[in-house]
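# Fold and geometry: a report
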Amino acid sequence: MINTTFALSFFSSHFISDCLLIFGCMFVGCRRDTPGQYVASDPRGRAAMIASVEKRKLVYVLNRDAAGEVTMASPLEAHRPRTVVFDLVGVDNGYDNPIFASLEVQYLDHEDAVLAEKKRIGDLKIKDENGQVRSDNSGKMDVALGRHNDGFTKQLAYYELDLGLNHVSRRWATTTLRTACCLAAIPGGADGPSGVLVGGEDYIEYVHEGMAPPPIPTGFEGTKKIPRRLISAIPRRELHPSSKGILITTITVLRQKKGKFFALAQSELGDVYKITLQVSKEDKTVVTKMTVCLLDTLPIGIGLNISKLALLFVPAEFGDHGLYQFDAIDIEGSAVTCTSELTIAAYLKSEIGASNLGVDEEDLFYSSPQNAAEFAPTFRPTILRNLHKVFALDSLSPVTSILVGELAGNEVSPQLYVLCGRGPTSSFRILRHGLSVTELAVSELPGVPGAVFNVRDEKIGKNGKCYDRYIVVSFADATLVLSVGETVEEMGKESGFLTTEPTLACSALGNGDKGGGICQVYPGGVRHIQRGSVSQWHVPGIKKIECASANESQILIALVGGELIYFELDPLSGNLMEAATRDVGADVCSIDVGVVPKGKSRSLFAAVGCRDSTVRLLSLAPGSLLEQKSSTALGTTRPHSVALVNGLESETVGEITLSVGLDDGSALRAGVDPITGAISTSPSRRFLGARPVAVSRVTLQGSPATLLLSSRPWIGRGSTSFKGRHAMAPMSYAPLDHGCSFSNEAVREGIVATSGNTLRILSIGDNGGSDLVLGAEDDEAFNSNQVALRYTPRQMCLLSAKISTPATLSAAAQSRKILLALVESDYNDFGEEEKKAMGFDGTGQLNKSSSKKIIGDYNKDGDDEAMDLDEESDEEDTNMEEKKEAVDDDEEDEEDSEARVTPIRGPVPSEPGRWGSCIRLVDPADGCTTLDCIEMNRNEAALCCASVRFHSRGGESLLAVGTTTGMTMNPLRHCTSHVVLYRVINCERLQLLHRTQVDDGPVLSLVHFQGRLLVGIGNIVRLYEMGKRQLLKKCELRGLPTMVKTLQAAGDR
């Protein structure tokens, strides 16, 4: 069954199913002859073909009915028995009958294969001088499957759909190179010459039905050999061995405009090449030349996707996916380039080409990697020259090991420690549940505060926005006022605040152009600070203010006993006027008057939380001041804090949300009718933590949000894409006590909060909120930090190490620290020291001066307009531009350098059995920084590790590592295997204790078991005890059917 219904949501876009068609039986599973492995469509949208790995191909004709809906006719069969398909594309031939190109190999049936094998063996036997039959090893040799002369022929076949007869036929086929594996269709009709590009090992070939032989290169006009293939070699890396080819894994073609296009191809090493075709001036359908030039080196992807906005998306095979911006594309004159003329000339010049022995000799020449290495230009991979990364989409694939635990030391919830990636894209990632938080500043306070507030500046900034002027921190018997500017400084009496009393609420009054001063509410009254003068309103009698709330024009205070007093700012005089009073009949524990909506003069409602477990909504509209509009009962718990949050400013009638923090650690959210003030009858409730929840308003990505503080901080806000939905996620940070929004020129959307006796300024997101993703579909997402690794991570384990303390302390008083040990190894790779000796630099930086030169040169050449976009640009003053660039030169270079860093795969060894490996010790409490990294011996691979505590060592935690030397995968064999023991010294480095050589197979698994070490060696499980010079064998279990890959122990089992 093919289901075209996608559950993918990208912002507000969704895929919608246009047509759903069922074929075959859904209970047999996905087999090699089940169509669906390959899908290709006609470029004009008239038909689609799906093919299986073997034999079956189905073609569907696409139409539209009277309603404009897509319809699919019954499938037409194009099966071919005993045929293995490697790739499938739709050929662009204008509006002629649709054609599909298939790269395939047909194999013999069993009887014919047996006869062919007997004939091959008979050809290898000859008689010696004495008449004895012997094998001739000097003539024909067995050829590896997939290479030239392996007995199979790979073909490129055209399948044509006759729309008139409604029939599919195999129209045309031609042989290709045996290593060909991928196809890409060239634009046809009025847009290009049509045909396909075939990617294989070391070469890229252009093939089309009825194409003429390529032109003879200059200097070879008199040759008798006529080349058949229009083919070009790809540039090779300097350190790549000549005995190994480089396989092209994916090709894509982009049509820029009518008659202009180019193709991109990526090799198995990650190198990306640009391919251009040159057509004849007389006939635009005849290709005369092919050019292949190096574009850049990117992570290995399963495809290349180019948009007409000059963006390249690379869905990586392993690691993060990347989105890249083109800086230049017309690079033929500056990049390392190889052409079809150079390739054909090398063929004609070679002994095979000059021998003129037959048609197959051309394929024989192109099947040899040594021939390509002789004439193909070489290069050394560097940082990105013609591209730069603009976005990375996180991916954990593949995950090789995972560990869950709270190892950071100061967080509430545990973290996920994940080993993922492969080769140069390997990484060690720390996943935290919730949103990432950037800590911008931390300052000690003289005591533990009871609240924190922000006071907006009366003056409007140059960009039309108002920033915060003061941060007010309230203590039990005092108030601390901090002035916000380029630095945060403590203010005294000049601020006008009463600093000898705690502050219950404060706010800037009036609009930016008509400043109404600042109000401060303290237990004894209300203080109005305006233009250097101070006026106060005192509480009558011996009563005290219990709680209060204020905004730009309104103040609401609650006295002990449940009496409410409401003040308003007189817009004419700028003074505070007492407007109304009311007794609610119950003690008030929290109040919020909301914020003044844009374009309005006041908030229309106030939320009041009472100790009788109710929340009441009162009117603040003239004529019905403090009139109760609605209420909601909370059951047995009491409200701890309340907040009214308005909807988006773009809405005509703003939606209002009531958020209530309860004493039992849960939060309640309900909608409020903006006209009647009625609270919805179906509020949502959620448990957030073990502490009472404090609620406050903040701003997130330009929209209102809610900060909820319990035993863990949370952020909630309405969805910007789906009306009526709400998203909530925890913050990956330590518990906070109080918090409110914060904004200045450096931090547009921040949070100022207190935790214990510290004041902290935070920002949501790793880059100040620019990478934040919080929406209806991303509720409670994870955020991650990553540490780059040298090789593919295999396994990790926890180590408990003693912190160095004075010897006078007892053993019980000595503290311990948790560390993580990682083992990394890569097959077909060199070690770090060998790479440096060969001159390889994995960062591609070469040196600082050269990398800056690369960036500068290609920034200057950025006018190439890679995608033929609009070439018009506004002229600016050159001198002013040069001055601006001189000021920001260092910052731009640093940002550009980060965007141009790319992982580079190391040199490939020429012989099998080469390994690169290391052991890494990291500290999870310090951001998983690397404490020690030990590079393994030559060709030695660390494949597993475990923490073991031998009874003979007093329970000290040791690191056991299983290593194998010279191991090959096919066939599986190795030279030697060892179990290596390390101890941790001063929580900062590893010290080798001893190495124990083991027999009977590779060491693939280790585990601590009852004070000893249990080792999986091949298909044997063996128990070891600690010795002075090596491990001592105690007992073993033999005869297991397969190799032991994983060992786990629980108690005595």
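Predicted model, so just to flag it, every value in this text is computed and none were measured. (Residues numbered from 1 in each chain as written. Predicted model: local features only at pLDDT ≥ 70, side-chain atom pairs only at ≥ 80, totals over all residues. Heavy atoms only, no water.)

### Details of the overall build of the chain
Formally: Strands are runs of DSSP state E lasting at least 2 residues, helices are runs of H or I lasting at least 4, and numbering of each runs from the N terminus. Relative accessible area decides the class of each residue, using a 1.4 Å probe on protein chains only: under 20% of the type maximum gives buried, over 50% gives exposed, and in between gives partly exposed. The contact criterion used throughout is that any non-hydrogen atoms of two residues lie within 4.5 Å. Note that accessible areas follow from Shrake-Rupley with a 1.4 Å probe, and for residues the cover is restricted to the protein chains shown.
Helix and strand counts for the chain come out as 9 helices and 72 strands. A total of 1053 residues make up the chain; the buried ones form 49% of that total. Long-range pairs, those at least 24 residues apart, make up 57% of the contacts in the chain between residues at least 6 apart in sequence. Working note: accessible area of the chain is about 50900 Å², and carbon and sulfur atoms make up 50% of it.

### Remarks on unusual backbone geometry
Only a minority of non-glycine residues have a phi that is not negative, and only a minority of peptide bonds are not trans. That bond from Ser 397 to Pro 398 is cis: its omega, -10°, falls within 30 degrees of zero. With an omega of 0°, the peptide bond running from Asn 970 to Pro 971 counts as cis. Relative to the elements of secondary structure, Pro 971 occurs in the loop between strand S66 (958–965) and strand S67 (976–985). Although it is not a glycine, Gln 701 sits at a positive phi angle of roughly 55°. Mapped onto the fold, Gln 701 is located in the loop between strand S53 (694–700) and strand S54 (703–709). Given a relative accessible area of 38%, Gln 701 falls into the partly exposed group. Positive phi outside glycine occurs at Asn 986, with the angle close to 55°.

### With respect to the confidence of the model for the chain
Heads up, the condition is: Confidence scores labelled pLDDT are given residue by residue by the predictor and lie between 0 and 100.
Averaged over all residues, the pLDDT of the chain is 85; the fraction at 70 or higher stands at 84%. Note that residues 768–773 has pLDDT below 50 and, in this model, 14 contacts with residues that lie over four places away or in other chains. For residues 808–813, every residue scores under 50 in pLDDT, and the model assigns this stretch 1 contact once sequence neighbours within four places are set aside.

### A closer look at the pairing of strand S59 (residues 758–764)
For clarity, the threshold we go by: Strand pairing is assigned whenever DSSP identifies at least 2 bridges connecting the two strands.
Buried residues dominate S59, accounting for 7 of its 7 residues. The alternating pattern of S59 places Thr 758, Arg 760, Leu 762 and Ile 764 and Leu 759, Ile 761 and Ser 763 on opposite faces, both of which are buried. Sheet analysis places strand S32 (residues 437–444) next to S59, joined by 7 bridges and oriented antiparallel. Bridge pairing in S59 links Ala 441 to Ile 761. Pairing analysis gives 5 bridges linking strand S58 (residues 750–755) to S59, with the strands arranged antiparallel. The partner of Ile 751 across the bridge, within S59, is Leu 762. Hairpin connection from S58 to S59: 2 residues lie between these consecutive antiparallel strands, with Gly 756 at a positive phi of about 65°.

### Some thoughts on the pairing of strand S50 (residues 656–662)
For S50, the buried fraction is high: 7 of the 7 residues fall into the buried class. The alternating pattern of S50 places Ile 656, Leu 658, Val 660 and Leu 662 and Thr 657, Ser 659 and Gly 661 on opposite faces, both of which are buried. Pairing of strand S49 (residues 639–646) with S50 involves 7 bridges; the strand directions are antiparallel. Of the residues in S50, the one forming a bridge with Val 645 is Thr 657.

### Details of the sheet that holds strand S8 (residues 83–91)
Cut-off, in case you're wondering: Here the axes come from fitting lines to C-alpha atoms, over the contacting stretch only for helices, and the angles between their N-to-C directions go from 0 to 180 degrees.
With respect to topology, 4 strands assemble into an open sheet ordered S8-S9-S12-S13, the strand pairing being antiparallel. The sheet terminates laterally at S8 and strand S13 (167–175), the two strands that pair on one side only. Strand-to-strand twist in this sheet, taken as the mean axis angle between neighbours without regard to direction, amounts to 25°. For S8 and strand S9 (residues 99–106), the ladder comprises 8 bridges, and the chain directions are antiparallel. Counterpart to Leu 88 in the pairing with S9 is Ser 102.

### Considering the sheet that holds S53
With antiparallel pairing, the 4 strands of this open sheet are ordered in space as S53-S54-S55-S56. Each end of this open sheet is capped by a strand with a single partner; those strands are S53 and strand S56 (726–730). Within the sheet, the average angular offset between the axes of one strand and its neighbour, ignoring direction, is 25°. As defined by bridge partners, S53 adjoins S54 across 7 bridges and the pair is classed as antiparallel. Bridging from a neighbouring strand, Leu 700 pairs with Ser 703 of S54.

### Some remarks on the pattern of salt bridges
Oppositely charged side chains are able to pair whenever their charged atoms sit close together. What counts, and what does not: Within this document, salt bridges are pairs made up of a side-chain nitrogen of Lys or Arg and a carboxyl oxygen of Asp or Glu, the two lying within 4 Å of each other.
Counting across every chain of the model gives 47 salt bridges. Glu 209 is the partner of Arg 171 in a salt bridge, and the nearest nitrogen-oxygen pair spans 3.1 Å. Of this pair, Arg 171 sits in strand S13 while Glu 209 sits in the loop between strand S16 (203–207) and strand S17 (230–233); the two residues are 38 residues apart in sequence, bridging distant segments of the chain. The class of Arg 171 is partly exposed, set by a relative accessible area of 40%. What makes Glu 209 partly exposed here is its relative accessible area of 27%. The salt bridge involving Arg 432 is made with Glu 411; its shortest N-O contact spans 2.8 Å. In this pair, Arg 432 is assigned in strand S31 (residues 427–433) and Glu 411 in the loop between strand S29 (399–405) and strand S30 (415–420), connecting sequence segments 21 residues apart. Assessed through its relative accessible area of 13%, Arg 432 is described here as buried. Counted as one network, the salt bridges with shared partners bring together Glu 205, Arg 228, Arg 229, Glu 362 and Asp 363.

### Digging into the nonpolar core
For the record, the criterion: Throughout this description, the term nonpolar core refers to a set of buried Ala, Val, Leu, Ile, Met, Phe, Trp, Tyr and Cys residues connected via side-chain atoms within 4.5 Å.
Of all hydrophobic cores here, the largest spans 24 residues; its most connected members are Leu 197 and Ile 204. For this core, the elements supplying multiple residues, two or more each, are strand S14 (182–185), S16, strand S19 (248–257), strand S20 (260–267), strand S21 (271–279) and strand S22 (287–297). For this core, the leading source of residues is S22, giving 4 residues. Once residues lying within four places of it in the same chain are set aside, the contact partners of Ile 204 are Leu 197, Val 198, Leu 230, Ile 231, Ser 232, Ile 234, Ile 248, Ala 265, Ile 275, Met 290 and Val 292. Leu 295, Ile 306, Leu 312 and Val 314 belong to the second-largest nonpolar core, a separate cluster that totals 20 residues.

### Let's talk about a nonpolar patch on the surface
Filter applied, for reference: Here, patches come from residues exposed beyond 30% relative accessible area and free of salt bridges, joined within 9 Å for like charges and within 5 Å for nonpolar side chains (Val, Leu, Ile, Met, Phe, Trp, Tyr).
On the surface, Val 390, Phe 391 and Leu 393 cluster together into a nonpolar patch covering about 270 Å² of accessible area. Along the chain, the position of Phe 391 falls in strand S28 (residues 387–393).

### A few points about helix H2 (residues 340–349)
Of all 10 residues in H2, 7 are buried, a share of seventy percent or more. Within the sequence span of H2, burial applies to Ser 340, Thr 343, Ile 344, Ala 345, Ala 346, Tyr 347 and Leu 348.

### Remarks on the side chain of Arg 432
Using the following cut-off: N or O atoms closer than or at 3.5 Å make up a polar contact, with two conditions inside protein: a donor-capable atom paired with an acceptor-capable one, and, for residues adjacent in sequence, both atoms drawn from side chains.
A polar atom in the side chain of Arg 432 sits 2.8 Å from the side chain of Glu 411. Apart from residues no more than four positions distant in its own chain, Arg 432 is found in contact with Ala 408, Glu 411, Gln 415, Ser 732, Ala 781, Phe 782, Asn 783 and Asn 785.

### Here's the deal with the packing of aromatic side chains
So the rule is basically this: Any two of the Phe, Tyr and Trp rings considered here, Trp counted by its six-membered ring, make a pair once their centres fall within 6.5 Å; the pair's planes then place it as stacked at under 30 degrees, edge-to-face at over 60, or tilted in between.
Within the structure shown, the criterion is met by 10 aromatic pairs. Consider the rings of Phe 365 and Tyr 366, whose centres lie 5.3 Å apart with planes at 70°: the pair is edge-to-face. You'll find Phe 365 and Tyr 366 in the same group, each marked buried. Ring geometry for Phe 365 against Phe 375: centres 6.5 Å apart, planes inclined by 15°, an arrangement best described as stacked. Separated by 10 residues along the polypeptide, Phe 365 in helix H4 (residues 360–366) and Phe 375 in helix H5 (residues 369–375) bring together distant segments of the chain. Here Phe 365 and Phe 375 have matching classes, each one buried.

### A word on the environment of Leu 254
Inspection of the secondary structure assignment puts Leu 254 in strand S19. Look at Leu 254 and you get buried, because its relative accessible area is 8%. Put simply, Leu 254 and Ile 186 are 68 residues apart on the chain and 8.9 Å apart in space, counted from C-alpha to C-alpha.

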